[in-house]
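The primary structure of each chain is shown beneath.
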Amino acid sequence: VLSSIDKINGGTIKIEGNEISRMKEKQLANFRKTHLGFIFQDYNLLDTLTVKENILLPLSVAKTPSAVAHKKFDALAKQLGIYELKDKYPNEISGGQKQRTSAARAFIHEPSMIFADEPTGALDSKAASDLLNKLTELNDKRSASIVMVTHDPVAASYCSKVIFIKDGQIYTQLYKGDQTQKAFFDDIMKTQGVLGGVQDEY
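Predicted model, so just to flag it, every value in this text is computed and none were measured. Numbers given to residues run from 1 along each chain, matching the order in which its sequence is written. In keeping with the model being predicted, local features are shown solely for residues with a pLDDT of at least 70 and side-chain atom pairs are shown and tallied solely at 80 or more, while totals for entire chains, interfaces and linings include all residues. Heavy atoms throughout the structure, all of them, feed into the side-chain values; hydrogens and water do not.

Chemist: Run through the overall build of the protein chain, naming residues and quoting values.
Modeler: On a plain count of helices and strands, the protein chain comes out with seven helices and seven strands. Secondary structure elements of the protein chain occur, N-terminal to C-terminal, as β-β-α-β-α-α-α-β-α-β-α-β-β-α. Over its C-alpha trace the protein chain gives a radius of gyration of 18 Å, about what one expects of a compact globule, namely 17 Å for 202 residues. Taken along the three principal axes of its C-alpha coordinates, the protein chain extends 50 × 40 × 30 Å. Whether a residue is buried, partly exposed or exposed follows from its accessible area with a 1.4 Å probe, protein chains only, as a fraction of its type maximum: under 20%, in between, or over 50%, in that order. Here the protein chain, with 202 residues, has 41% of them falling under the buried criterion. Excluding contacts between residues fewer than 6 apart, the proportion of contacts in the protein chain whose partners are at least 24 apart in sequence is 64%. The secondary structure listing takes helices from DSSP runs of H or I that are at least 4 residues long and strands from runs of E that are at least 2 residues long, numbered from the N terminus. Every radius of gyration here is taken over C-alpha atoms, with the globule rule written as 2.2 Å times N^0.38, N being the number of residues. Any two residues whose heavy atoms approach within 4.5 Å at even a single point are treated as in contact.

Chemist: Residues and numbers for the packing of aromatic side chains, please.
Modeler: Pairs were defined over the aromatic rings of Phe, Tyr and Trp, the Trp ring being its six-membered one, requiring ring centres within 6.5 Å. Orientation was assigned from the angle between planes: stacked under 30 degrees, edge-to-face over 60, tilted for the rest. One pass over the full model with this rule turns up three aromatic pairs. Relative to Phe40, the ring of Phe38 has its centre 6.1 Å away and its plane inclined at 10°; by these criteria the two rings are stacked. The class for Phe38 is partly exposed, based on a relative accessible area of 22%. The interplanar angle of 40° and the centroid separation of 6.2 Å between the aromatic rings of Phe73 and Tyr83 together place this pair among those described as tilted.

Chemist: Could you give me a rundown of the nonpolar core, with the residues and numbers involved?
Modeler: Among buried residues, those of type Ala, Val, Leu, Ile, Met, Phe, Trp, Tyr and Cys that are joined through side-chain atoms within 4.5 Å constitute a nonpolar core. With 41 residues, the main nonpolar core has Ile39, Ile55, Leu76, Ile82, Phe107, Val162 and Ile188 as its most contacted residues. Of all the secondary structure elements, the ones that give two or more residues to this core are helix 2 (51-61), helix 3 (66-79), helix 4 (95-107), strand 4 (113-117), helix 5 (125-142), helix 6 (153-156), strand 6 (161-166) and helix 7 (181-194). In terms of residues, this core owes the most to one element, helix 5, which gives six residues. Residue contacts for Ile55: discarding those within four places in its chain leaves Phe73, Ile82, Thr101, Ala104, Arg105 and Ile108.

Chemist: Give a description of helix 1 (residues 25-35) that names residues and reports values.
Modeler: Spacing of three or four residues puts side chains on the same side of an α-helix, whose turn is 3.6 residues. Within the sequence span of helix 1, burial applies to Leu28, Phe31 and His35. One face of helix 1 carries all of its buried residues, which in axial projection span an arc of 60°. Directions drawn from the helix axis to the C-beta atoms are what define this arc.

Chemist: Help me get a handle on helix 3, residues and values and all.
Modeler: To estimate the expected span of a helix, count its residues, drop one, and scale the result by 1.5 Å. Taking 1.5 Å of rise per residue, 14 residues should cover 20 Å, and helix 3 covers 20 Å from first to last C-alpha, within 8% of that figure. Looking at the buried side of helix 3, the elements it contacts are helix 2, helix 4 and helix 5.

Chemist: An account of the pairing of strand 6 is requested, with residue identities and associated values reported.
Modeler: Bridge count between strand 6 and strand 7 (residues 169-175): six bridges; the pairing is antiparallel. By the bridge assignment, Ile163 is partnered in strand 7 with Gln173. As consecutive antiparallel partners, strand 6 and strand 7 are separated by two residues, and within that stretch Asp167 has a phi angle of approximately 55°, a positive value. DSSP bridges decide pairing: two strands pair if at least two such bridges lie between them.

Chemist: Lay out a nonpolar patch on the surface in plain terms, naming residues and giving numbers.
Modeler: In this scheme, patches are assembled from residues that exceed 30% relative accessible area and form no salt bridge. Like charges are connected within 9 Å, while nonpolar side chains (Val, Leu, Ile, Met, Phe, Trp, Tyr) are connected within 5 Å. Methods summary: accessible areas were calculated by the Shrake-Rupley approach with a probe of 1.4 Å, and residue burial reflects only the protein chains presented. When a carboxyl oxygen of Asp or Glu is within 4 Å of a side-chain nitrogen of Lys or Arg, the pair counts as a salt bridge. Together, Val1, Leu2 and Val147 make up a nonpolar patch on the protein surface, roughly 210 Å² of accessible area in all. As for its position among the elements, Val147 is in strand 5 (residues 145-149).

Chemist: So, unusual backbone geometry: which residues are in play, and what are the values?
Modeler: Of note in the backbone geometry, Tyr43 takes a positive phi value of approximately 75° without being a glycine. Secondary-structure assignment places Tyr43 in the loop between strand 3 (36-39) and helix 2. The phi dihedral of Asp167 is positive, around 55°, even though this residue is not glycine. Relative to the helices and strands, Asp167 is located in the loop between strand 6 and strand 7. Looking at Asp167, the relative accessible area reads 72%, which means it is exposed.

Chemist: So, the side chain of Arg100: which residues are in play, and what are the values?
Modeler: Turning to its location among the elements, Arg100 is positioned in helix 4. The charge count includes Lys and Arg as positive and Asp and Glu as negative, but it does not include His or the ends of the chains. In this structure Arg100 is buried but unpaired, with Asp130 as the nearest side chain of opposite charge at 5.3 Å. Ignoring anything within four residues of it in the chain, the contact list for Arg100 reads Leu80, Gly81, Ile82, Leu131 and Lys134.

Chemist: So what about the environment of Pro119? Which residues, and what values?
Modeler: With respect to the helices, strands and loops of the structure, Pro119 is situated in the loop between strand 4 and helix 5. Residues Pro119 and Gln181 lie 62 residues apart in sequence; the distance between their C-alpha atoms is 19 Å. Excluding its chain neighbours within four sequence positions, the residues that come into contact with Pro119 are Ile39, Gln99, Leu131, Met148 and Val149.

Chemist: Go over the layout of surface pockets, please, and point to the residues and values.
Modeler: Cavity means a closed set of points on a 1 Å grid over the protein atoms alone, one where a 1.4 Å probe fits but cannot get out, pocket means an open set with protein on both sides within 12 Å along at least 5 of 7 lines, and lining means a residue has an atom within 4 Å of a point. Grid points are joined across faces, edges and corners, and a volume is the space filled by probe spheres set on the points. Roughly 300 Å³ of volume is contained in the second largest pocket. Taken together, Arg32, Lys33, Leu36, Gly37, Phe38, Phe40, Leu57, Pro58, Val61, Arg105, Ala106 and His109 make up the full set of residues lining the second largest pocket. Elements supplying a minimum of two residues to the lining of the second largest pocket: helix 1, strand 3, helix 2 and helix 4. Class assignment of the residues belonging to the lining of the second largest pocket gives a composition of seven nonpolar, two polar and three charged. Just so you know the grouping, Ala, Val, Leu, Ile, Met, Phe, Trp, Tyr, Cys and Pro go in nonpolar, Asp, Glu, Lys and Arg go in charged, and all remaining residues, Gly too, go in polar.

Right, here's the structure in full:
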């Protein structure tokens with residue numbers, strides 16, 4: 001419902017002062033193009049497009065002038081360490097590089113909010129750590145809120161706030177505050193232990 005894909009039965013949802021719960025389909029489509037970005041576990045890249053073309057897709061849909069689009073691409077691709085891959089196709093790059101390409105595509109139009117669905121699920125530990133560090137950097141420098149769903153307590157420890165969901169209900173939440181990542185990870189593990197060791201969503 002936060003991503004506007006599903007409807008709510010009650011209450012309201014506001015993002016950047018926009019009450020999306022009252023928008024019509026056309027308004028929602030335009031809102032998604034402007035304010036929302038998505039990072040998927042399985043990358044969702046188009047195999048027939050290069051890394052650069054995949055990343056520029058949201059700007060192409062929004063009819064952003066070419067010079068502006070290419071300037072945005074250069075800055076973001078360099079920040080994510082994938083600029084040198086710009087002419088390669090998805091089948092020519094690693095899983096970590098694909099996920100950073102997916103992240104760049106999500107950030108390129110400077111949305112207010114990014115939804116990340118198990119973004120490290122298909123990555124090895126080093127690639128996952130690299131991606132999470134880059135997402136933290138983008139969160140700091142580009143001021144986009146990142147809402148991430150994950151079963152991985154290590155991934156959750158990169159967040160500033162963790163909400164535990166059990167049986168479809170919010171069970172509890174933790175705030176990182178001034179804690180180190182290691183201390184926050186320990187708190188997450190303790191809370192998971194209280195939940196009976198069941199792998200819950202964060």
